[in-house]
Amino acid sequence: MKQIIFATGNPTKAKRFSKGLAKKGVEVLALRDIGIKINVKEDGKNVIENALKKARECYDVTGRISIGMDDALYLENIPEEKQPGLYVRRVEGKELDDEEMIEHYTKLVKKYGKNGKINAKWVYGIAVINESGKESTYTWKKEGIYLVDKVWKKISTGYPLNSITKYTKNNKYLAEITEEEKEAMKQDEQDVVNFIAENI
């Protein structure tokens, strides 16, 4: 089985494409799985630039197939200076933990949303560096979702916003969606899995 290193310290994020890639004979390892830490300055202008920075640092340190990923969040009716954009976890220079993120974003919903909710859009970027050092990138987005000011019964570790985000289609929290429902809603990101598999 071919192994790739996901340039993230977030174990939940590292598992994101594991199931789909395992079916293609690819094992995804997180940095902590190989006992390595990297510190990447995420100062790119967009998700692709940041994803490339992570993948390059990981590849330079490990010499192995590496993938880096970044995401940006945009909320409807929020002033430009308050938009999370590339800084979903960083607010006014502070790195928020899961609970602080829940508090910050529910406050935004209460202030700028209507009827306890606010429409949202995620933009994602992923970069793959194969064994020979060739770089490939891919971007996609997730719409049809909104943030609410009421937290689901538990916070999703590593992905706290899933506990205050709902699908427009069925008004269910992302955190409560079952694997079967994800398949039915085509939220398995198979296009991303295919991209990774084809470029390693």
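For the structure itself, look to the data block above.
None of these values were measured; they are calculated from a predicted model. (Residues numbered from 1 in each chain as written. Predicted model: local features only at pLDDT ≥ 70, side-chain atom pairs only at ≥ 80, totals over all residues. Heavy atoms only, no water.)

A few points about the sheet that holds strand β3 (residues 66–75)
Inference 1: Spatially, six strands are ordered β2-β1-β3-β6-β7-β8 in an open sheet, and the strand pairing comes out mixed. Looking at the sheet topology across the chains shown, the edges are occupied by β2 (26–30) and β8 (165–167). Strand after strand, the sheet turns through a mean of 40° between neighbouring axes, direction not considered.
Inference 2: Where strand β1 (residues 2–6) and β2 come together, five bridges link them in parallel fashion. Across the sheet, residue Gln3 finds its bridge partner in β2, namely Glu27.
Inference 3: Contacting β1, β3, β6 (117–129) and β7 (135–148), helix α3 (residues 47–62) runs over the sheet at an angle of about 155° to β3.
Inference 4: Along the sheet, helix α6 (residues 190–198) contacts β1, β3, β6 and β7; its crossing angle with β7, the most-contacted strand, is approximately 165°. (Pairing = 2+ DSSP bridges. Helix = DSSP H or I, 4+ residues; strand = E, 2+ residues; numbered from the N terminus. Axes fitted to C-alpha atoms, helices over the stretch in contact; angles between N-to-C directions. Contact = heavy atoms within 4.5 Å.)

Some thoughts on the pattern of salt bridges
Inference 1: One pass over the structure, following the stated rule, counts 13 salt bridges.
Inference 2: When the shortest N-O distance is used, the salt bridge between Asp43 and Lys53 registers 2.9 Å. With Asp43 in the loop between β2 and α3 and Lys53 in helix α3, this residue pair connects regions lying 10 residues apart in the sequence.
Inference 3: Residue Lys53 is classed as partly exposed on the basis of its relative accessible area, which comes to 31%.
Inference 4: In this structure, Glu103 and Lys107 form a salt bridge, with 3.3 Å as the shortest nitrogen-oxygen distance. Of this pair, Glu103 and Lys107 both sit in helix α4 (residues 98–112), separated by four residues, roughly a single helical turn.
Inference 5: Its relative accessible area of 52% is what places Lys107 among the exposed residues. (Salt bridge = Lys/Arg side-chain N within 4 Å of Asp/Glu carboxyl O. Buried < 20%, exposed > 50% of the residue type's maximum accessible area, 1.4 Å probe, protein only.)

Focus on the environment of Asp60
Inference 1: Position of Asp60 among the secondary structure elements: in helix α3.
Inference 2: The exposure class of Asp60 is exposed, given its relative accessible area of 61%.
Inference 3: Spatially, the C-alpha atom of Asp60 lies 13 Å from that of Leu31, the residues being 29 residues apart in sequence.

Some points on the packing of aromatic side chains
Inference 1: One pass over the full model with this rule turns up six aromatic pairs.
Inference 2: Measuring from centroid to centroid gives 5.9 Å for Tyr138 and Trp140, while their planes differ by 25°, and the two rings are stacked.
Inference 3: Trp140 sits in the buried class, given a relative accessible area of 10%.
Inference 4: Judged by centre distance (5.2 Å) and plane angle (20°), the ring pair of Tyr138 and Phe195 falls under stacked. With Tyr138 in strand β7 and Phe195 in helix α6, this pair connects stretches of sequence that are 57 residues apart. (Phe/Tyr/Trp six-rings, centres within 6.5 Å; stacked < 30°, edge-to-face > 60°.)

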